[in-house]
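Each chain, letter by letter, is given below.
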Amino acid sequence: MRIPSDFHLHSEHSEDSTAPMKSMIERGIALELPSMCFTDHMDLDYPQCPDLPAGSFHLDADSYRNDFEKNKKIYSDKIDLHFGVELGLQPHITKENHDFLSENSFEFIIGSTHLIRHQDPYYEEFWKDRDEKDVFAEYFRESLENVRLFDDFDVYGHLDYVVRYAPNKDKYYDPSEYTQITDELMKILISRDQGLDLNSKALYSGMADPNPCSYFLNRFRELGGRIITFGSDAHKPEDLAREFIPMREIAISCGFTEYCTYENRNPVFHKL
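The paragraphs below set out a description of the structure included in this document. (Residues numbered from 1 in each chain as written. Predicted model: local features only at pLDDT ≥ 70, side-chain atom pairs only at ≥ 80, totals over all residues. Heavy atoms only, no water.)

Considering the sheet that holds strand E4 (residues 108-112)
Selection criterion: Pairing between strands is defined by DSSP: at least two bridges between the two strands are required. By the criteria applied, helices consist of DSSP H or I runs no shorter than four residues and strands consist of E runs no shorter than two, each listed in order from the N terminus. The contact definition used throughout considers only heavy atoms, calling two residues in contact when any of these lie within 4.5 Å. Axes here refer to lines fitted to C-alpha atoms; in helices the fit is confined to the stretch in contact. Angles between the N-to-C directions go from 0 to 180 degrees.
In space, the 7 strands of this open sheet follow the order E1-E2-E3-E4-E5-E6-E7, with parallel pairing throughout. A strand with exactly one partner marks an edge of an open sheet, and here the two such strands are strand E1 (6-9) and strand E7 (228-231). One ladder, built from 2 bridges, connects strand E5 (residues 155-156) with strand E6 (residues 195-199); its direction is parallel. Within E6, the residue paired with Val155 across the bridge is Gly195. Sheet strands in contact with helix H1 (residues 21-30) are E1, strand E2 (35-42) and strand E3 (80-88), and its direction is about 150° off that of E2.

So, the packing of aromatic side chains
In this description, a pair of aromatic rings is defined by centroid distance and the angle of the planes. Which entries qualify depends on this criterion: Centres within 6.5 Å are what make two rings of Phe, Tyr or Trp a pair, Trp counting through its six-membered ring; a difference in plane orientation under 30 degrees is then read as stacked, over 60 as edge-to-face, and the rest as tilted. A simple rule labels every residue: compare its accessible area, found with a 1.4 Å probe on the protein chains alone, to the largest value its type can have, and call it buried under 20%, exposed over 50%, or partly exposed in between.
Going through the model one piece at a time under the given rule, you end up with 25 aromatic pairs. Measuring from centroid to centroid gives 5.9 Å for Tyr139 and Phe140, while their planes differ by 65°, and the two rings are edge-to-face. Under the relative-accessibility criterion, Tyr139 is labelled buried at 0%. Both rings, one in Phe153 and one in Tyr156, keep their centres 6.2 Å apart while their planes meet at 55°; by these two values the pair is tilted.

Examining the pairing of E2
How we decide: Place the viewer so that the strands point away; then a crossover is right-handed whenever the path from the first strand over the helix to the second strand goes clockwise.
Here E2 lies mainly inside the structure; 8 of its 8 residues are buried. Side chains Ser35, Cys37, Thr39 and His41 project from E2 onto one buried face, and the interleaved Met36, Phe38, Asp40 and Met42 project onto a second face that is buried too. Taken together, the 2 bridges between E1 and E2 define a ladder with parallel strand orientation. Bridge pairing in E2 links Leu9 to Phe38. One crossover worth recording links E1 to the parallel E2 by way of H1, and it is right-handed. Both E2 and E3 contribute to a ladder of 8 bridges, which runs parallel. For His41, the partnering residue across the bridge sits in E3 and is Glu86.

Laid out in structure tokens, this is it:
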């Protein structure tokens, strides 16, 4: 059985990747992926961090598109390529995100929460003197606020992303403690015909579950959710479609029989 299409991946047009688009595409061809979609980062008003200046994740959309179109011409007979973006959501930049999308056309948009009150949980110092459970709850509340305020995306990115970077990762993580918040978030997505980015990076980072975890994925299905995309969140070629086979089994165990790719912002269903 073919590996599912990868609809969450990054190239050198994202601040945190050095991978040429060409190298990512050639890896996708080697894996015989049916299709792949670049979703380079656009995180407006990204804060200053220990290794990055403020505003680092500001995507040069013109350069990104030109590189994509050049590579699509070269590889169009070998793999189906798509042009997307991963849009960082924060409550205070809703208008700016709308403006960015009105000025640029994408085939697929992931809406993601990477920050908690304008701070990045990726960094170790963020967690100093913080209780992990309190941070998880705060992250989910911020995620819900973002989804309420902003609706111009196709799938919501790596729902419990914050757990990846907790000092203990998922060791003490009980997703059922946050159901009141996450159910409301998922019901909003379902009402808008939006889906979830099923993201394998947690699996190849040593965790037992993808993002979202099996508990949330199962809950999304119970609530009536149908749309999931597969994403590796790869920032280098060797991570492309990584752990997709076990993640496929997780999706099936949670009641999904299909996954989606996107064409011009419209979901296309494929058998798992």
